[in-house]
Amino acid sequence: MTQPAEFDAIVIGAGSVGNPTAYFLAREGLRVLVLDELSSSGQGQNKAAIGGVRASHSDPAKIRLGQLSLEVFAGWRDATGTDIGWKKGGYCFPAFDEKVEETLQGLLSVQRQFRLSIDWLDAEGISNRVTGINRAGLRGGSYSPDDGQVSPLKASESFTREAGRRGAVYRFGETVRSLVLEGSAVVGVRTDQGEYRASVVVNAAGVGAARICAMAGVTIPILPESHEAGISAPVREFLNPLVVDLRPGPEGRTINLYFGQDSDGQVIFCYTPKPPFYGENRTSTVEFMPTVAARLVEVIPRLKNLMVRRVWRGLYPMTPDGIPIVGWAPNRSGFLLGVGMCGQGFMLGPGVARNLASWVLRGRPEVDSDLLAPLSPSRDFFAARKEALK
Ligand SMILES: Cc1cc2nc3c(=O)[nH]c(=O)nc-3n(C[C@H](O)[C@H](O)[C@H](O)COP(=O)(O)OP(=O)(O)OC[C@H]3O[C@@H](n4cnc5c(N)ncnc54)[C@H](O)[C@@H]3O)c2cc1C
C-alpha cells in the first residue's frame, strides 16, 4: 500500500482566503498542498465578488485585517510584476438621510484610532468625488481615499501562480471527503482521489467550511446567503471611488447598494436584498436587474444609458453576527479556520491569510492576538454584538 503524501500544511479551498494563505506559507518555505473541488483557482465565491477592498470597517479586527490586505493588493504589482486590477479610487459612503449620517459619523472615531485616512465631506465635496451624483437630499458622506478595487479573478490566478512558483502543489477537481484524526489532532485529509498528511490543515472552504468542520466534529454556524451582481460594458472613466449607498431601497426589497467602475472601465454593482435569501440557489432572479437599475439611476442619473453585459448570483458564507471566524478550531489541534467571511472575504482574504500563516509559522497571529479574539471560533456567535457595515 502506498503511503499518503506528506506536506507541512494542507489548505482546503483555492478561494479568496485559501490562495493567499498558500502563498504566504509557501513563501516561507513550507511544503503546501491546496485542494479544490472546482476546476481552477478562484472559481468558488471568489469570482462572485465585485472586487471592493477597504479597511474602512466598523469592527477593529476587520479594520486591521483590511489594512493588511490593502498592503498586499496595493503592493502586488511591485512585488510580482503582475497587474491584478488594483485601482486606488477610495470608498465613498454618501449620506442622504440623518440616520445614515449619524451611523457613518459615529464610526469615524473608531476608524481614526487605526489611523485610517477617512474624512467627512460635505455635499459639495462628495459631488466632486462622485461625478454626476444626484444632489437631491445629499447631506455629505465619508470618503476613504486609500481603499480601492481589485479584480478577484486576476488576483486569485496571480496568488496561485506565485504560490506555485514557491513550490505549493495545487490539485483541482478533487473533493475533500473526510479529515484524518489521531486522537484530538487533525493530521490529514481524505479526498475522492487519495489521502494526504500534514501537521496543519487549514479550512478555507467558504460556504463548504461548516461541512469540513463537521468532519472533525467541530460545529460552526455558516449559512449561505445569496446575493446578485452585474457588470456593464466598459465606458470612459468617470467614477473613481466605489460608492456604498446605505439607504433602504424605496421598493422595500433592498438595503445597501454598492457600485464602482473597475480598472477596465466597467461599472460593477450589487445590492443587499431584504429580507435575505438564504440557501444555495444561484439562479438569477427576475427582480434583480429592474431593482438595481432603478437604484443606480437614482444615485447617478446619467447611468440610465449604461449597457449591462452580465449578471450573476453568488453566496456569502454568513455567520450569525456578521463577523468572520478566524483561529484554531476548538478542542482540536492542527486545525486552523479562515472561514465565515460573509460579504467581505475577498477584501479580508490576504489579511486573514497573513495571520493564518503566522499562526502556523510562529505560533501567534501577525496582529495583536487580543484584536482577533472577537473572531475566535470559540466565541458566542449569538451575542448581541453585530457588525454595522457587514
Ligand atoms: C454578489 C457578491 C458580491 C461580493 N462582493 C464582494 C466585494 O466586493 N468584496 C469582498 O471582499 N467580498 C465580496 N463578496 C464576498 C466574497 O465573494 C466572499 O466573502 C469570499 O469569496 C469568500 O471567500 P472564501 O475563501 O471563504 O470562499 P471561496 O472563495 O468560495 O473559496 C472556497 C473554496 O473552497 C472550495 N471547497 C469547498 N468545499 C470543498 C471540499 N469539500 N473539497 C475541496 N474544495 C472545497 C470551493 O470550491 C471554493 O473554491 C461578494 C459576494 C457576492 C456573492
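Fair warning: this is a prediction, and the values are worked out from it, not measured in the lab.

Basis of the calculations
Residues numbered from 1 in each chain as written. Predicted model: local features only at pLDDT ≥ 70, side-chain atom pairs only at ≥ 80, totals over all residues. Heavy atoms only, no water. Helix = DSSP H or I, 4+ residues; strand = E, 2+ residues; numbered from the N terminus. Rg over C-alpha atoms; globule rule 2.2 N^0.38 Å. Buried < 20%, exposed > 50% of the residue type's maximum accessible area, 1.4 Å probe, protein only. Contact = heavy atoms within 4.5 Å. Areas by Shrake-Rupley, 256 points an atom, 1.4 Å probe, with all protein chains shown as cover. Domains from an automatic or database assignment. Buried area = accessible area lost by both parts, 1.4 Å probe. Salt bridge = Lys/Arg side-chain N within 4 Å of Asp/Glu carboxyl O. Polar contact = N/O pair within 3.5 Å; in protein donor to acceptor, adjacent residues only side chain to side chain. Nonpolar A, V, L, I, M, F, W, Y, C, P; charged D, E, K, R; others polar. Near = heavy atom within 4 Å. Axes fitted to C-alpha atoms, helices over the stretch in contact; angles between N-to-C directions. Parallel < 35°, antiparallel > 145°, perpendicular 65-115°, else oblique. Core = buried A, V, L, I, M, F, W, Y, C linked by side-chain atoms within 4.5 Å. Expected span 1.5 Å × (residues − 1). Bend = angle between axes of the 7 residues up to and from the residue. Pairing = 2+ DSSP bridges.

**Considerations on the overall build of the protein**
Each helix and strand in the protein was counted, giving nine helices and 19 strands. Rg of the C-alpha trace for the protein: 21 Å, near the compact-globule value of 21 Å for 390 residues, within the 12% margin. If you line up the protein on its principal axes, its C-alpha atoms span 70 × 40 × 40 Å. Split into buried and exposed, the 390 residues of the protein put 57% on the buried side. Once local pairs closer than 6 in sequence are excluded, the contacts in the protein between residues at least 24 apart make up 72%. Taken as a whole, the protein presents about 15,900 Å² of accessible surface, with 49% of it coming from carbon and sulfur.

**Some thoughts on the domain arrangement of the protein**
Accessible area lost upon the coming together of the parts serves often as the stated size of an interface. The domain architecture assigned to the protein consists of domain 1 (5-51 + 153-222 + 321-375) and domain 2 (87-147 + 223-318). Distance from the C-alpha centre of domain 1 to the C-alpha centre of domain 2: 30 Å. Contacts between domain 1 and domain 2 engage 17 residues on the former and 18 residues on the latter. For the pair domain 1 and domain 2, the summed buried area comes to about 1,300 Å², and 65% of that belongs to carbon and sulfur atoms. Taking the shortest distance from any N to any O, the salt bridge between K154 and D264 comes out at 3.8 Å. The interface formed by domain 1 and domain 2 contains three residue pairs in polar contact (both at pLDDT 80 or more). When its residues are assigned to classes, the side of domain 1 that touches domain 2 shows nine nonpolar, five polar and three charged.

**Considering the site of the ligand**
Taken together, 37 residues surround the ligand, and among them S16, D36, Q45, C342 and M347 come closest. A distance of 2.6 Å separates an oxygen atom of the ligand from a polar side-chain atom of D36. Take I50: an N or O atom from its main chain is 3.1 Å from a nitrogen atom of the ligand. Notes on the ligand: free accessible area 1,000 Å², of which the protein chains cover 96%. Of all the elements in the fold, those that place two or more residues in the shell around the ligand are β2 (32-36), β12 (223-234), β17 (308-318) and α8 (345-362). The class makeup of the residues in the shell around the ligand is 18 nonpolar, 15 polar and four charged. Shared between two domains, the shell around the ligand takes at least three residues from each, and those domains are domain 1 (5-51 + 153-222 + 321-375) and domain 2 (87-147 + 223-318).

**Quick word on the packing of helix α2 (residues 60-80) against α8**
Running from N to C, α2 and α8 cross one another at 95 degrees; their axes reach a closest spacing of 7 Å. Between α2 and α8, the angle is such that the two are roughly perpendicular. Contact residues: K62, L65, G66, L68, S69, E71, V72 and F73 in α2; F346, M347, L348, G349, P350, G351, V352, R354 and N355 in α8.

**Here we look at the nonpolar core**
Nonpolar side chains in soluble globular proteins tend to end up buried together. Residues V32, F73, V352 and L356 are the most contacted members of the largest nonpolar core, which totals 67 residues. Formed jointly, this core draws a minimum of three residues from each of two domains, domain 1 (5-51 + 153-222 + 321-375) and domain 2 (87-147 + 223-318). Excluding its chain neighbours within four sequence positions, the residues that come into contact with V352 are V17, L65, V326, G338 and M341. Formed by 25 residues, the second largest nonpolar core is a distinct cluster that contains V176, V186, V201 and A216.

**Thoughts on the pattern of salt bridges**
Enumeration over the complete set of coordinates arrives at 22 salt bridges. Across the pair R354 and E71 runs a salt bridge, and its minimum N-O distance is 3.0 Å. Separated by 283 residues along the polypeptide, R354 in helix α8 and E71 in helix α2 bring together distant segments of the chain. By relative accessible area, R354 is classed as buried at 15%. Three or more residues are tied together by salt bridges with common partners; here these are E182, R190, E195 and R197.

**Side note on unusual backbone geometry**
The omega torsion of the bond from K274 to P275 falls at -5 degrees, within 30 degrees of zero and hence cis. Looking at the secondary structure, you find P275 in the loop between β15 (266-273) and β16 (277-278). Phi angles above zero are rare outside glycine, and N331 is one such case at about 60 degrees. When you line up the elements, N331 lands in the loop between β18 (325-328) and β19 (335-339). The phi dihedral of C342 is positive, around 55 degrees, even though this residue is not glycine. Structurally, C342 can be placed in the loop between β19 and α8.

**Some points on helix α3 (residues 98-113)**
The end-to-end C-alpha separation of α3 is 24 Å, in line with the 22 Å expected for 16 residues at 1.5 Å each. At L107, α3 is bent by approximately 25 degrees, the largest bend along its length. Taken together, the buried positions of α3 are occupied by V100, E101, L104, L107, L108 and Q111. Each element contacted by the buried residues of α3 is listed here: α2, β4 (91-95), β5 (119-122) and β6 (140-144). For α3, the N-terminal capping position is held by D97, with its side-chain oxygen 3.2 Å away from the main-chain nitrogen of K99.

**Looking at the environment of L116**
Along the chain, L116 falls in the loop between α3 and β5. For the pair L116 and A205, spaced 89 residues apart in sequence, the C-alpha separation works out to 30 Å.

**Digging into the pairing of strand β14 (residues 254-261)**
Most of β14 is tucked away: seven of the eight residues are buried. Summarising the sheet, β14 and β15 pair through seven bridges and their orientation is antiparallel. Residue Q261 lies in a different strand from β15, and its bridge partner there is V267. Connecting the antiparallel pair β14 and β15 is a turn made up of four residues, with G265 showing a positive phi of about 90 degrees.

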